[in-house]
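Structure assessment
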Amino acid sequence: MTWRASVLTLFPEMFPGPLGLSLAGKALRDGRWALEALDIRGFATDRHRSVDDTPFGGGAGMVMRPDVVDAALGAAIAAQPAARRIYLTPRGRLLDQALVRELAAGPGVILLCGRYEGVDQRVIEARELEEVSAGDVVLSGGEVAAILLLDACVRLLPGVMGAADSATEESHGPEGLLEYPHYTRPAEWQGRTVPEVLLSGHHAEVAKWRRARAEEATRTRRPDLWAKHLNRNAGEGGRLDGQPAAA
Ligand SMILES: C[S@@+](CC[C@H](N)C(=O)[O-])C[C@H]1O[C@@H](n2cnc3c(N)ncnc32)[C@H](O)[C@@H]1O
């Protein structure tokens, strides 16, 4: 069955956008996934086609109306009852590769993109939406966050990445390490050389060097990920002392 994404937005013209290019675009044209952008404004019922109103309790900005958003969600859910329903919001759990893997393994997603100050809380609760954030930043709308989430999911769908682009060793994989650094030709550039071991043709040494660099990068750049990696390994009988593998 084709993995399917329905995006509820006030700006359907933002889709497929970058998702129509490169890997995701080719996969879309090949039918490996399907994308529908639903215009929330199409579900407005008054003659001005209003989708927002002033917040109860006062304050700046506008809030997206629950009745209009609910009607749009109803249409998307009817077409895709088994899909995970996600509201993209800076108040949500942070998107990470574990969630991306889960979503890519399912039948698809329904993504609600907010604008203004966001969406009336009651419709989020009534439709049991999962709240997911693209990062600890505030965007002007959920569309860019939806594109980010879809790009990350689509590349994991079967047949989308070739063996050459395999996700097995990349950052945020099942081991929770950042990736090692990469080098290509020329072997010397602006007086900078490539680590000798990479030119040696010795696969076991290259693998050992890469593993050590991956551990070093994770430990120094992302102590939070390094702690999680150590905990995971400890659970599997690995080292508990926080020491990296030998270089
Ligand atoms: C200007 S933001 C609203 C921010 C909201 N008033 C707050 O302070 O949490 C408008 C919309 O952009 C989207 N958005 C903004 N930042 C986001 C983020 N980090 N992740 C996902 N969606 C985001 C949400 O859909 C949100 O409803």
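Residues numbered from 1 in each chain as written. Predicted model: local features only at pLDDT ≥ 70, side-chain atom pairs only at ≥ 80, totals over all residues.

The name given to the chain in an unreviewed UniProt entry is tRNA (guanine-N(1)-)-methyltransferase, with Falsiroseomonas bella as the source organism. Its UniProt record gives the chain a comment under Function (unreviewed entry), which states: "Specifically methylates guanosine-37 in various tRNAs." If you open the UniProt record of the chain and go to Subunit (unreviewed entry), you find "Homodimer." (UniProt positions renumbered as here; feature names shortened; annotations may be inferred.)

**Brief notes about the pairing of strand E1 (residues 3-9)**
A large share of E1 lies buried, amounting to 6 of its 7 residues. Viewed along the sheet, the connection from E1 through helix H1 (residues 22-29) into strand E2 (residues 33-39) turns out right-handed. Pairing between E1 and strand E6 (residues 108-113): 5 bridges, direction parallel. Within E6, the position partnered with Arg-4 by the bridge is Gly-108. (Buried ≥ 20, exposed ≤ 12 C-beta atoms within 10 Å, placed from the backbone. Helix = DSSP H or I, 4+ residues; strand = E, 2+ residues; numbered from the N terminus. Right-handed = clockwise from strand over helix to strand, strands pointing away. Pairing = 2+ DSSP bridges.)

**Quick notes on the site of the ligand**
Close to the ligand lie 19 residues, the nearest being Gly-114, Gly-118, Ala-134, Gly-142 and Ala-145. Here the shell around the ligand is composed, by residue class, of 8 nonpolar, 8 polar and 3 charged. (Near = placed C-beta within 6 Å. Nonpolar A, V, L, I, M, F, W, Y, C, P; charged D, E, K, R; others polar.)

**Description of the domain arrangement of the chain**
Interface size, as often reported, equals the accessible area lost upon joining of the parts. Taken domain by domain, the chain holds domain 1 (3-154) and domain 2 (168-235). The C-alpha-based centres of domain 1 and domain 2 are spaced at 35 Å. (Domains from an automatic or database assignment.)

**Quick notes on the UniProt feature "binding site: S-adenosyl-L-methionine" (unreviewed entry) in the chain**
As annotated by UniProt and renumbered to match this structure, "binding site: S-adenosyl-L-methionine" (unreviewed entry) occupies Gly-114. On the neighbour-count criterion, Gly-114 (25 C-beta atoms within 10 Å) is buried.

**A word on the sheet that holds E2**
Reading across the sheet, the 5 strands line up as E2-E1-E6-E5-E7 and stay open at both edges, with parallel pairing between neighbours. At either margin of the open sheet sits one strand with a lone partner, and together these are E2 and strand E7 (130-133). Direction aside, neighbouring strands of the sheet carry axes that sit 30° apart on average. In this structure, strand E5 (residues 84-94) lies alongside E7, joined through 5 bridges in parallel fashion. Each residue of the ladder has a partner; that of Leu-88, found in E7, is Val-132. Across the sheet, helix H5 (residues 143-154) is in contact with E1, E2, E5 and E6; its angle to E6 comes to roughly 165°. (Axes fitted to C-alpha atoms, helices over the stretch in contact; angles between N-to-C directions. Contact = placed C-beta atoms within 7 Å.)

**Topic: helix H6 (residues 203-221)**
Taking 1.5 Å per residue as the helical rise, H6 with its 19 residues ought to reach 27 Å, and the 26 Å between its terminal C-alpha atoms agrees with that figure. Residues of H6 that are buried include every one of Ala-214, Glu-215 and Thr-218, and no others. The arc that holds the buried residues of H6, viewed along the axis, is 95°, so those residues lie on one side. Within H6, the exposed residues directed more than 90 degrees away from the buried face are Thr-220 and Arg-221. Here the buried face of H6 lies against helix H7 (223-235). (Expected span 1.5 Å × (residues − 1). Arc of directions from axis to C-beta.)

**Topic: the environment of Arg-91**
When you line up the elements, Arg-91 lands in strand E5. Residues Arg-91 and Ser-133, 42 residues apart in the sequence, show an inter-C-alpha distance of 6.5 Å. Dropping the residues within four chain positions of it, Arg-91 is found in contact with Glu-131 and Ser-133.

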